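Chain by chain, the residues run as shown.
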Amino acid sequence: MVAATLDQPGIRLSAHELLALRDTPHPPPGHRPATRRPGVVPARLPGSGMDLREIRAYSDGDDLRRLDPAATVRTGTPHVRSFHEDRDDTVLLVADFRPAMLWGTGAALRSVRAARLLARHGWVAVARGASVAALAITSAGVSALPARTGVRQLGALAQMLAHEHDKALDLAAGGPLPSPNPLSAPPASLPLSLPVSFSLALTRAVGLAPSGARVWLATEPEGIAREDEAPLRRLARRRRVGLLCPLDPVEVDPPSRALPVACGSARRFARLKPFDPAPLTARMRALSVSVEVVADDTI
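Undergrad: Run through the pairing of strand E5 (residues 141-149), naming residues and quoting values.
TA: Sheet analysis places strand E4 (residues 131-138) next to E5, joined by seven bridges and oriented antiparallel. For Thr138, the partnering residue across the bridge sits in E5 and is Gly141. Counted between consecutive antiparallel strands, the loop separating E4 from E5 contains two residues.

Undergrad: So, unusual backbone geometry: which residues are in play, and what are the values?
TA: Positioned with a positive phi, Ser288 is a non-glycine residue whose angle comes to about 65°. Take Ser288: it is sitting in the loop between helix H8 (278-285) and strand E10 (289-294).

Undergrad: Can you break down helix H5 (residues 199-208) residue by residue, with the values?
TA: For H5, every residue scored as buried is listed here: Ser199, Ala201, Leu202 and Ala205. Looking straight down H5, one finds that the buried residues subtend no more than 155° of arc, so they occupy a single side. Those residues of H5 that are exposed and angled more than 90 degrees off the buried face are Thr203 and Gly207. Along its buried surface, H5 packs onto strand E3 (90-96), E4, E5, strand E6 (214-218) and helix H6 (229-236).

Undergrad: Break down a nonpolar patch on the surface for me, with residues and values.
TA: On the surface, a nonpolar cluster with roughly 260 Å² of combined accessible area is contributed by Tyr58, Leu64 and Leu67. You can see Leu64 is positioned in the loop between strand E1 (48-57) and helix H2 (69-75).

Undergrad: How would you sum up the environment of Leu102? Please name residues and give values.
TA: Take Leu102: it is sitting in the loop between E3 and helix H3 (110-127). When the C-alpha atoms of Leu102 and Arg12 are compared, they prove to be 10.0 Å apart, with 90 residues separating the residues in sequence.

Undergrad: Explain the pattern of salt bridges to me, using residue names and the numbers behind them.
TA: Between side chains of opposite charge, pairing is possible as soon as their charged atoms come close. A complete count under the given rule lists nine salt bridges for this structure. Measuring nitrogen to oxygen at the nearest pair gives 3.0 Å for the salt bridge that ties Arg110 to Glu251. Of this pair, Arg110 sits in helix H3 while Glu251 sits in helix H7 (residues 249-252), and the two are 141 residues apart along the sequence. Accessibility expressed as a relative area gives 2% for Arg110, which makes it buried. For Glu251, a relative accessible area of 19% corresponds to the buried category. We note a salt bridge from Lys167 to Glu164, for which the minimum N-O separation is 3.2 Å. Separated by three residues within a single helix, Lys167 and Glu164 lie in helix H4 (residues 151-172), roughly one turn from each other. On the basis of relative accessible area, Lys167 is assigned to the partly exposed category, the value being 28%.

Reading guide: rules and limits
Residues numbered from 1 in each chain as written. Predicted model: local features only at pLDDT ≥ 70, side-chain atom pairs only at ≥ 80, totals over all residues. Heavy atoms only, no water. Pairing = 2+ DSSP bridges. Helix = DSSP H or I, 4+ residues; strand = E, 2+ residues; numbered from the N terminus. Buried < 20%, exposed > 50% of the residue type's maximum accessible area, 1.4 Å probe, protein only. Arc of directions from axis to C-beta. Contact = heavy atoms within 4.5 Å. Patch = residues over 30% accessible without salt bridge, like charges linked within 9 Å, V, L, I, M, F, W, Y side chains within 5 Å. Areas by Shrake-Rupley, 256 points an atom, 1.4 Å probe, with all protein chains shown as cover. Salt bridge = Lys/Arg side-chain N within 4 Å of Asp/Glu carboxyl O.

Next up, the structure:
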């Protein structure tokens, strides 16, 4: 059970607020893709997939971007690759509720804002008939919700995220809280190091997201460690992966004055700089991952 001091809007995540995001404006869903699932009316296919079907001789009208260099050189005649069409529209939402996410200086914890971002993407997916799956990572491990379609699935997803967020708050509040307002600063009882590797979630994500799926990862700018890059690269190999980074207000517009910083017996004054997304974007681009830095609760 979440402590009464933490049962406040912006600190405790509720399923109701995620369900209420269904009524917020979303981009038009467009065509509903054909799927292998029964009861769905086929429509225009979303396009060529990523699973290789064959390598064959070039014929008029083929896309020159599909030329296969090795087969062309080996045979002396142009050859192209063809791929199986994408037929399943699956979206996987991955929420990071580890200790470094459980703080904020604005109206909501970073973890709460991350869940809201993911829920919005979930509602967009449901509106076009896609199936939605979810993963939540806390300091206790990873929880999963298998992919299904429909509004009922978003209800289950909202309940799952709210439950896992409550679990994360309970684990973080195991020691005394130094401040009655957890939004004021990262509490000393919440270590800024990430005791649970994001690799756990990324490894599970490979099994939940089929080839061609869209994957949204919501975490902090430092949430992806160097040891997480190999599983992230594997995940992005046949999927469209996007990183959502909800920034805290202090990262967008830090105070101009120098602030005291203490580490053990050492005391210093330092000035905060606004977050620069360029290094993170370049690092993720090398892994075939897009980055969305979000300064507020809108997409």
